[in-house]
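Here's the letter readout for the chains.
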Amino acid sequence: MQYENITNSELNFTFESKNFLSIFGLYLFSLGTIFSGYSVYLFLEATERIDRTIITWSGQGLFWCLILFFIALFILFIPIEFLNVFKIYNSSFKDLIFNIIYSIGISLVSLMLFQFFIGSETMIMNDISSIGKSVSFAGFIAVPLILFLQHTFRTSLNFIDNISYSFTLFVWIISSQVFL
């Protein structure tokens with residue numbers, strides 16, 4: 001029976017900025033997209049296109065709509081201008097482990113920020129906190145699963161590497177909606 005000899009260089013776990021930046025960019029894209037969707041919903045309530053359930057008067061709805069719209073634009077601006085990584089590096093098992101650890105770590109920090117620092121004085125602030133928590137829960141559960149599936153099927157499906165970033169972003173946004 002032969003045992004595989006694993007050298008120390010194969011177990012070298014160092015900070016991989018490309019993996020971190022790609023997962024952090026996905027998180028910011030997901031959060032910004034859901035904030036912009038909530039901004040549109042508040043705009044629809046303020047213009048009385050749908051029944052009012054969150055706001056009490058149209059000025060409040062327009063105010064929060066604009067605030068959340070500009071916050072969403074700022075959040076979406078960060079990965080485009082500063083991170084510049086639009087590919088998931090998931091070619092080795094080491095990359096898979098790092099991507100899963102970064103996804104869970106970013107989600108955990110985000111969950112703590114939205115849990116402890118965003119108050120729930122108003123219904124809108126409560127919804128903002130719920131949005132942040134749902135994006136974090138999606139990062140805990142759905143994203144590691146989809147990263148694992150992409151890594152598993154990348155040898156049999158050649159197009160996985162080309163669509164991995166977009167597909168992971170889509171899954172993160174949809175699963176965030178499920179957790180809302």
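Below is a short write-up of the structure.

Counted according to the given criterion, the structure contains 12 aromatic pairs. For the pair Phe 20 and Tyr 102, a centre-to-centre distance of 5.5 Å together with 85 degrees between the ring planes defines the contact as edge-to-face. Taken together, the residues Phe 20 in helix α1 (residues 17–46) and Tyr 102 in helix α3 (residues 93–116) connect sequence positions 82 residues apart. Accessibility expressed as a relative area gives 26% for Phe 20, which makes it partly exposed. Each residue in the set Phe 20, Phe 24, Phe 98 and Tyr 102 is aromatic and connected to the rest through ring pairs, giving one cluster.

This part is about the packing of helix α4 (residues 123–153) against helix α5 (residues 160–179). Two elements in contact, α4 and α5, have axes whose closest approach is 8 Å; the angle formed by their N-to-C orientations is 150 degrees. With respect to α5, the axis of α4 lies roughly antiparallel. Crossing angle aside, the handedness with which α4 passes α5 is right-handed. Packed against α4, whose contacting residues are Ser 134, Val 135, Phe 137, Ala 138, Gly 139, Ile 141, Ala 142, Val 143, Ile 146, Leu 147, Gln 150 and Phe 153, the element α5 presents Ile 160, Ser 164, Phe 167, Thr 168, Val 171, Trp 172, Ser 175, Ser 176 and Phe 179 at the interface. The residue makeup of the contact of α4 with α5, split by class, is 14 nonpolar, seven polar and no charged.

Before going further, it helps to examine a nonpolar patch on the surface. Nonpolar side chains collect at one region of the surface, where Leu 145, Phe 148, Leu 149, Phe 153, Leu 157, Phe 159, Ile 163, Phe 167, Phe 170, Ile 174 and Val 178 lie side by side and expose about 1,000 Å² of accessible area between them. At the level of elements, α4 and α5 are the ones that each hand at least two residues to the nonpolar patch. By secondary structure assignment, the location of Phe 159 is in the loop between α4 and α5.

The rules we used
- Residues numbered from 1 in each chain as written.
- Predicted model: local features only at pLDDT ≥ 70, side-chain atom pairs only at ≥ 80, totals over all residues.
- Heavy atoms only, no water.
- Phe/Tyr/Trp six-rings, centres within 6.5 Å; stacked < 30°, edge-to-face > 60°.
- Helix = DSSP H or I, 4+ residues; strand = E, 2+ residues; numbered from the N terminus.
- Buried < 20%, exposed > 50% of the residue type's maximum accessible area, 1.4 Å probe, protein only.
- Axes fitted to C-alpha atoms, helices over the stretch in contact; angles between N-to-C directions.
- Parallel < 35°, antiparallel > 145°, perpendicular 65-115°, else oblique.
- Left-handed = near helix turned anticlockwise from the far one by under 90°.
- Contact = heavy atoms within 4.5 Å.
- Nonpolar A, V, L, I, M, F, W, Y, C, P; charged D, E, K, R; others polar.
- Patch = residues over 30% accessible without salt bridge, like charges linked within 9 Å, V, L, I, M, F, W, Y side chains within 5 Å.
- Areas by Shrake-Rupley, 256 points an atom, 1.4 Å probe, with all protein chains shown as cover.
- Salt bridge = Lys/Arg side-chain N within 4 Å of Asp/Glu carboxyl O.

By themselves these figures say nothing about function.
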